[in-house]
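Listed below are the residues making up each chain.
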Amino acid sequence: MVQRVILHIGSHKTGSTSIQSALKHYDDGTTCYADLGGANHSAPLFTAFSEHKYGYHICTQQGLSREQIDQRAQQALTGLHHQLERPDRHTLILSGEDLSLLEPTGVDALLRTLRGPGRDLLVICYVRHPLSYATSVCQQLIKGGADQLPELFSPAYRQRLEAYRNRLDPQELTVRCFDRQHLHEGCVVADFCQVIGLPSDTLTIRSRNESLPGPAIHALYQLNRSGLLQFGDRPLLQARHHLLQVLKQVFAGDPPLSRDLLRPHADYDDCDFLQEHFGILFAPTPCLDPPPAATLHQWLDQSDLNAEARLQQWLEHTTGLNGTYHQPGGVLQRVFYLCVHSAMLAVHRDALRSMARKSAAGEVLSPSESQTLRQLARQARPGSPAPPGHPR
C-alpha cells in the first residue's frame, strides 16, 4: 500500500500544466504519478469530493447530466482508492489546480481519503504575484467564454490555502513563489521535483505557453459578447478549442495582452495573509502615470478592423470563402461556424477514412459504415426525407 502521497493543488496559472505534462506516466518503481484517466487530476478529484460538482465548469461545458456527473464521481473514487492501495509503490503523486478551490468540507473528505493509516502527506501549492496573476487569469476567463469581467482579479490566497492550512501540520503544507527568480533552475517542474526529492533530469520538460496574442484575446471577447452558442456539448467544446488554435495562428507574432491594462485590476488584499503564514512578500505594483490611452474595458469593447481584415484573409486563403459579413464580428462568427463543421466531421473522422480507403480499393462497405454515411447525409439536410434504408 502507498506510504506517501504528494498532492499538488496549483494554484491556477502557476505552471500546473507543465508539471502534469512532465510527470504523466512517471513510474520509477517506487514513485508513480496517479493514473486517473488524464494528466490533470482536477476534474476527477473535484467531481469526487466537491459539494458543488453539478455546477463544475468542466461538467457544464460538456453538457453532462447529474446522473453522468455522479457516475464520474464514483469512477474517480474507485480509481483513486485503487491507486492508493497499490502494494508495489511507496509514493503516489496527484496534481490538480482546481483542488485549491475545494470548499472546506471537500478538503476534509479529500484529506481523510488520502491520509489513511500510517500514510504521510505533503501538499504543495504555488502562488503568483497579483499583477502577473491578473494578466494571466483575465486571458483565461476570456478563453473560457466569459462575456463579463470582474473589476478585480483576486488570487484569493486565503480562500485557496486556509482550509488546507487549518487541517494540516506545518510540515505537511509547502507554499512556493511562482517566479523564475525563485524557482529551482528557473523552472517550475525542476522546482517541484526538488521539493519532493525526485530527479528531474530524466523528465521531458516542455514549456506550456498557453498565452494568446492580444488581438486574439480581443476577438474572443467580442465573440463571447455576441451571444453565439459556443458551449453545451462535446463538438461545440472541440470547435471552441479549434478556434483558439486558428486565432493563435492568424495573430502569431502580435504582442500579448498588455500587463499595463491590468494594473488597476490586480488585487493585493490577501498578501498580508501570504506573508504572515508562508513568508512570501508580494509588493504592489504602482499604476502608470500617465495611464494607458484606454482602460481594459475600453480596449475590449472597441472594434478592431485590422483584426477582422486578417481573419477575412485567413478565411479566404483556407476555405476559398469570400463572403460579405456585415454584422459586427461576423467574420469571426463565420470562422467559428467553420470550426463547428470540422468538429462534427471529427466525430466520424476515423470511419470516413476507413470508408475512403475501401472505396479506393473497390471494397464493399460494411452495414455499419453504410449506416454512418446515411447519418451524415441526414445531418447535412435536417428535416429532409430519410435516405433509403435509414430508419426515422
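Presented here is an overview of the structure given in this document. Note that the structure is a prediction, hence the values are computed from the model and not measured. Residue indices begin from 1 for each chain and proceed along its sequence in written order. Only residues with pLDDT of 70 or above have their local features reported here, since the model is predicted, and side-chain atom pairs are shown and tallied only from 80 upward, although totals for entire chains, interfaces and linings are computed over all residues. With hydrogens and water set aside, each side-chain value is computed from the structure's full complement of heavy atoms.

**Things to note about unusual backbone geometry**
Selection criterion: For the purposes of this entry, the term helix denotes a DSSP run of H or I that reaches at least four residues, the term strand denotes a run of E that reaches at least two, and both are numbered from the N terminus.
Following Gly-10, the chain continues to Ser-11 via a peptide bond in cis, the omega torsion being 0 degrees. Take Ser-11: it is sitting in the loop between strand 1 (4-8) and helix 1 (16-23). Positive phi outside glycine occurs at Ala-156, with the angle close to 50 degrees.

**Quick look at the packing of aromatic side chains**
For any pair of aromatic rings, geometry is given as the distance between the ring centres together with the angle between the planes. Basically, it comes down to this: Within 6.5 Å between ring centres, the rings of Phe, Tyr and Trp (the latter by its six-membered ring) count as paired, and their orientation is classed by plane angle as stacked under 30 degrees, edge-to-face over 60, tilted in between. Any residue under 20% of the maximum accessible area for its type is buried, any over 50% is exposed, and the rest in between are partly exposed; the area is computed with a 1.4 Å probe on protein chains only. For a Lys NZ or an Arg CZ to count as sitting over a ring, it must be within 6 Å of the ring centre and within 35 degrees of the ring normal.
Evaluated as defined, the whole model comprises three aromatic pairs. For the ring pair Tyr-157 and Phe-282, a centre distance of 6.1 Å and an interplane angle of 40 degrees mean the geometry is tilted. In this pair, Tyr-157 sits in helix 7 (residues 157-165) while Phe-282 sits in the loop between helix 11 (271-278) and helix 12 (296-301), placing the two residues 125 residues apart along the sequence. As far as the burial class goes, Tyr-157 and Phe-282 line up, both buried. Ring centres of Phe-273 and Phe-278 lie 6.1 Å apart, and the angle between their planes is 75 degrees; this geometry places the pair in the edge-to-face category. You'll find Phe-273 and Phe-278 in the same group, each marked buried. Arg-66 extends its terminal NZ or CZ atom over the ring of Tyr-54, reaching a point 3.7 Å from the ring centre.

**Focus on the pairing of strand 1**
Rule in force here: A strand pair is defined by DSSP finding two or more bridges across the two strands.
The buried fraction of strand 1 is high, at four of five residues. Judged from the five bridges that link them, strand 1 and strand 3 (residues 91-95) form a sheet pairing that is parallel. Paired with Leu-7 across the strands is Leu-94, a residue of strand 3. Note: strand 1 against strand 4 (residues 120-127), five bridges, orientation parallel. If you follow His-8 over to strand 4, its bridge partner there is Ile-124.

**Quick word on the sheet that holds strand 1**
The condition is simple: Here an axis means a line fitted to C-alpha atoms, over the contact stretch when the element is a helix, while the angle between two N-to-C directions is reported on a 0 to 180 degree scale. Only heavy atoms matter for contacts: two residues are in contact if any of them lie within 4.5 Å across the pair.
Pairing within the open sheet is parallel, and its five strands lie in the order 2-3-1-4-5. Both edges of this open sheet fall to strand 2 (31-33) and strand 5 (173-177), since each of them pairs with a single strand only. Between one strand axis and the next, the sheet turns by 20 degrees as a mean value, whatever way the strands run. Here helix 8 (residues 188-196) sits on the sheet in contact with strand 1, strand 3, strand 4 and strand 5, set at roughly 155 degrees to strand 4.

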